[in-house]
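Close look at the chain arrangement
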Amino acid sequence: MADPNPPVIVWFRQDLRLADNPALQAAAATGAPVIPVYILDDDAPGDWRPGGASRWWLHHSLASLASDLQQLGGELALMKGEAQEQLDALIEQTGADAVFWNRLYEPWARKRDEAIKSSLKDRGVRARSFNGSLIVEPWDIATKTGNPYKVFTPFWKSLKADHTPAEPTGRPDALQLHAHEGGLSLDDLDLLPTKPDWSGGLQENWTPGEAAAHGRLGQFLKAAVSDYSDRRNLPGQSGTSRLSPHLHFGEISPRQVWHAVKQSDHARTGGADTYLSEIAWREFSYNLLYHFPDLPEANFQSKFDAFEWDECEDKLKAWQKGQTGYPIVDAGMRELWATGWMHNRVRMIVASFLIKDLFIHWRRGEDWFWDTLVDADLASNAASWQWTAGSGADAAPYFRVFNPVGQSEKFDPKGDYLRKWIPELADLPDKVIHAPWTAEKSVLSRAGVTLGETYPEPIVDHGEARKRALAAFEKIKDAG
Ligand code: FAD
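All of these numbers come straight from a predicted model, not from anything done at the bench. (Residues numbered from 1 in each chain as written. Predicted model: local features only at pLDDT ≥ 70, side-chain atom pairs only at ≥ 80, totals over all residues. Heavy atoms only, no water.)

1. What to know about the overall build of the protein chain
- Per the secondary structure count, the protein chain includes 21 helices and five strands.
- Computed over its C-alpha atoms, the radius of gyration of the protein chain comes to 24 Å, within 12% of the 23 Å expected for a compact globule of 480 residues.
- Across its three principal axes, the protein chain shows a C-alpha extent of roughly 85 × 50 × 45 Å.
- Scored against the burial criterion, the 480 residues of the protein chain give a buried share of 55%.
- Entry remark: accessible area of the protein chain is about 20,700 Å², with carbon and sulfur atoms responsible for 48%. (Helix = DSSP H or I, 4+ residues; strand = E, 2+ residues; numbered from the N terminus. Rg over C-alpha atoms; globule rule 2.2 N^0.38 Å. Buried < 20%, exposed > 50% of the residue type's maximum accessible area, 1.4 Å probe, protein only. Areas by Shrake-Rupley, 256 points an atom, 1.4 Å probe, with all protein chains shown as cover.)

Structure representation (structure tokens):
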């Protein structure tokens with residue numbers, strides 16, 4: 001006999017939270033029992049399956065979601081494999097007559113989800129998708145001529161004027177969870193590193209999950225948002241929110257962040273406005289990815305296709321390991337390796353260094369970030385690498401080459417950040433720590449530094465590299 005009240009499946013993806021979750025809310029509102037499921041679909045993304053640091057985060061985020069659901073008397077079903085097959089199996093097993101989810105914007109996910117939606121509908125299973133990740137979805141915002149925004153400032157103005165988000169919802173009031181047994185265990189998903197287990201630094205620095213995301217936001221609003229405009233560029237200070245991995249995995253929604261900022265004691269400060277504009281950069285990146293799905297793989301400005309890159313594995317390795325001899329670059333790359341995160345100012349410096357000093361294709365940097373960042377996000381990563389390269393939409397002009405020494409002196413004047421991540425330089429005076437090769441021998445020796453032994457000599461001369469980069473750009477600038 002047919003179930004008079006068949007369950008609804010809520011397919012969790014990058015929305016690992018209970019509050020302000022439109023798919024979950026809508027499922028609860030049907031009054032039917034809800035089956036929450038997460039499917040690890042590693043086949044779909046091709047080159048872009050989650051990297052090592054993301055998988056670590058995902059494991060702990062799922063553990064947190066599962067525990068929150070347990071407190072409500074339910075289980076998070078875990079599955080692995082092709083999403084369509086897994087959903088079909090779950091429908092077959094439970095008699096569910098509907099599947100609800102929040103939308104993704106990665107090109108492969110869109111394709112997959114469209115196919116799943118039409119296949120479910122064909123078989124009489126209700127399939128509904130919602131916006132759980134963005135303030136404004138890419139098809140709802142356009143220029144006056146109806147085209148996608150390619151420049152950030154007008155995008156931001158339009159978002160603020162015409163797309164302020166509705167109030168977030170809380171957790172669903174009456175969530176009736178369907179008793180479901182027999183899925184995989186979290187360990188079966190095999191998300192954690194084992195041989196070796198390199199996740200110690202991640203563990204020390206992060207607590208994935210919905211509660212921790214709100215804790216971090218609360219702390220930021222209390223202690224840092226009012227000074228955000230002044231301190232956001234100083235990597236030696238805790239001047240930013242560090243919400244990026246929580247936002248990527250949807251443990252907190254941008255809508256929740258927006259309203260929490262607006263309702264905070266510091267809502268009227270310049271810091272609050274600047275902070276929301278950074279949230280809008282995330283939106284802008286999604287907007288670009290949606291309209292230009294090649295963004296992660298191809299130059300947005302095709303004239304950059306003619307660029308002649310070096311393929312120097314040694315230099316790439318030195319960059320990855322934080323052994324370039326430029327302290328600010330090395331500090332950033334070591335912070336990334338140790339914690340899965342890097343300060344935004346330093347991300348721009350290391351990216352510019354890879355592209356314009358080492359002449360290595362931005363895609364190699366994008367790949368490394370993809371594997372090592374806990375906040376690795378296809379839209380923000382691709383848009384930001386292309387921004388730095390100069391090949392993107394509304395990008396930094398190619399001829400603006402970051403000077404790694406000047407940037408270091410300006411944004412870490414006392415060398416706090418450098419000393420934290422490069423202990424072998426800790427005893428150098430502030431004046432020379434940004435460029436140890438300029439120090440007198442006696443100064444180096446008093447600080448216990450021997451260049452080429454305890455710390456590398458610079459692997460390139462920035463002045464020469466800059467000239468070479470500008471000359472190469474001259475060659476391509478009129479192409480395409
Ligand atoms: P805050 O300063 O507190 O900003 C708040 C939020 O706004 C962030 O959590 C993030 O969601 C968003 N945001 C801030 N700056 C940007 C930006 N430039 N572009 C898009 N969104 C932004 N961010 C990612 O989330 N994932 C990535 O994979 C990623 N790759 C990057 C690669 C490069 C080369 C560069 C230069 C930047 C990259 N960024 C990426 C953007 C930015 O560096 C991080 O979002 C930010 O450092 C995260 O720290 P936070 O949460 O403390 O930021």
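2. Some points on the packing of aromatic side chains
- Enumeration according to the criterion identifies 29 aromatic pairs in this entry.
- Aromatic pair Phe292 and Phe300: ring centres 4.9 Å apart, planes at 85°, arrangement edge-to-face.
- Take Phe292: its relative accessible area is 23%, and that puts it in the partly exposed class.
- Residue Phe300 is classed as partly exposed on the basis of its relative accessible area, which comes to 25%.
- Measuring from centroid to centroid gives 6.3 Å for Trp319 and Phe369, while their planes differ by 10°, and the two rings are stacked. (Phe/Tyr/Trp six-rings, centres within 6.5 Å; stacked < 30°, edge-to-face > 60°.)

3. Describing the side chain of Glu251
- Its place among the elements puts Glu251 in the loop between α9 (244-248) and α10 (254-262).
- Buried charge Glu251 goes without a salt bridge, the closest partner of opposite sign being Arg216 at 8.4 Å.
- At 2.5 Å, the side chain of Glu251 forms a polar contact with the side chain of Ser61.
- Looking at Glu251, its side chain comes within polar contact range of the side chain of His246, at 2.6 Å.
- The contacts of Glu251, once residues within four sequence positions are left out, are Leu16, Arg17, Trp57, Ser61, Pro208, Gly209, Glu210, Ala213, His214 and His246. (Lys, Arg positive; Asp, Glu negative; His and termini not counted. Salt bridge = Lys/Arg side-chain N within 4 Å of Asp/Glu carboxyl O. Polar contact = N/O pair within 3.5 Å; in protein donor to acceptor, adjacent residues only side chain to side chain. Contact = heavy atoms within 4.5 Å.)

4. Regarding the packing of helix α13 (residues 327-339) against helix α15 (residues 362-372)
- Where α13 contacts α15, the two axes come as close as 9 Å, and the packing angle between them is 35°. For the pair formed by α13 and α15, the contact residues are Met333, Leu336 and Trp337 on the first element and Trp368, Phe369 and Thr372 on the second.
- Residue classes in the contact of α13 with α15 are distributed as five nonpolar, one polar and no charged. (Axes fitted to C-alpha atoms, helices over the stretch in contact; angles between N-to-C directions. Nonpolar A, V, L, I, M, F, W, Y, C, P; charged D, E, K, R; others polar.)

5. Some words on unusual backbone geometry
- Note the cis peptide between Lys195 and Pro196, where omega equals 0°.
- With respect to the helices and strands, Pro196 occurs in the loop between α5 (152-162) and α6 (200-205).
- Phi angles above zero are rare outside glycine, and Arg242 is one such case at about 55°.
- For Arg242, the location among the structural elements is in the loop between α8 (228-231) and α9.
- Look at Arg242 and you get partly exposed, because its relative accessible area is 24%.
- At Phe359, a residue that is not glycine, the phi angle is positive and equals roughly 65°.
- Among the secondary structure elements, Phe359 is positioned in the loop between α14 (344-357) and α15.

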